[in-house]
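Each chain, written out:
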Amino acid sequence: MKLIKELYEYRELLKSNVKKEIRGKYKGSFLGVLWSFINPLLMVLVYAIVFPYLMRSTIDNYLVYLITGVIPWTFFTTVMGQGMASVRNNAGIIKKVYFPREILPLSVCVAGLINFLISCVIILVFCLIFNVGFSWHLILLPVIAFLEFLICLGATLLFSAVNVYIKDMEYIVNFVINMLFYGTPILYSITDFNTTSVPHFLLTLVNINPFTHVMTIYRDIFLYHRITGIGSWLYIVFIAILVVAIGLFAFKKLEKGFAEEV
């Protein structure tokens, strides 16, 4: 409750930081914020050309399938990349002024969520172009987006704090994220995955990966127009709460030395 009260008291700082994150990301570039749309589109283009031939995937509406995985994944990786460095990048203000340090990773996550929701327009356009259409299931989009936001927030709280003390943390986490990408059904489907001669433990790892369930829910909302099983929802809620709790606990424990270490 104390943290919530402090965040409310410093809400103007939070707002200004979110605006800075949104505007500053592509500051000075010719296309500016349009890169938020162009980057995932370029990724989808590459995967759509190469991947079906490598894996012989038979997924219907593969481009829509791809875009509904790539954009949520881009949300996660962008927030992690910027959020991990958020404390170290603000060393000057940390040493001079008191404010809730949680504002730094929080503002990155909020800016990422806003950019993600704007980028969802691309998914809707793809759904129109390829005659997938829309359904009332879109009302669940803010719910799953908020749950993914919580996972991102907890992870950035944890790793932005650890990154102050362990300078190589960014490289370690980026390596893990790259591995996690291939363990998440973004380019392939679980059905195709299960038909190959893959070791059972790898299938287990993919199934316990929370982003497997996150991607399933996004695709059920946009592509398949159905409600995902309650088991997936409960699992993601559990993971989101757990990650936020761990992130907050670690951040609070480590923030005492930020001013000396950054």
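Here's a quick rundown of the structure. (Residues numbered from 1 in each chain as written. Predicted model: local features only at pLDDT ≥ 70, side-chain atom pairs only at ≥ 80, totals over all residues. Heavy atoms only, no water.)

## Focus on unusual backbone geometry
Part 1 of the reasoning: Unusually for a residue other than glycine, N61 sits at a positive phi of about 50°.
Part 2 of the reasoning: For N61, the position within the fold is in the loop between α3 (35-55) and α4 (62-83).
Part 3 of the reasoning: Classification of N61 as partly exposed rests on a relative accessible area of 37%. (Helix = DSSP H or I, 4+ residues; strand = E, 2+ residues; numbered from the N terminus. Buried < 20%, exposed > 50% of the residue type's maximum accessible area, 1.4 Å probe, protein only.)

## Looking at the packing of aromatic side chains
Part 1 of the reasoning: For the coordinates displayed, the defined rule picks out eleven aromatic pairs.
Part 2 of the reasoning: Centre to centre, the rings of W73 and F76 are 5.3 Å apart; their planes meet at 55°, and the pair counts as tilted. Here the residue W73 and the residue F76 both occupy positions in helix α4, the gap between them amounting to three residues, near one helical turn. F76 matches W73 in its accessibility class, with the two residues each being buried.
Part 3 of the reasoning: Look at F75 and F116: their rings are 5.0 Å apart centre to centre, the planes differ by 15°, and that puts the pair in the stacked class. Separated by 41 residues along the polypeptide, F75 in helix α4 and F116 in helix α6 (residues 103-129) bring together distant segments of the chain.
Part 4 of the reasoning: By relative accessible area, which is 4% here, F75 ends up buried.
Part 5 of the reasoning: One aromatic cluster is present, formed by W73, F76, F181, Y182 and F211 through successive ring pairs.
Part 6 of the reasoning: For R101, the ring lying beneath its charged end belongs to F99, and the centroid distance is 4.8 Å.
Part 7 of the reasoning: The ring of Y65 has R219 lying over it, and the distance from NZ or CZ to the ring centre is 3.5 Å. (Phe/Tyr/Trp six-rings, centres within 6.5 Å; stacked < 30°, edge-to-face > 60°. Lys NZ or Arg CZ within 6 Å of the ring centre and 35° of its normal.)

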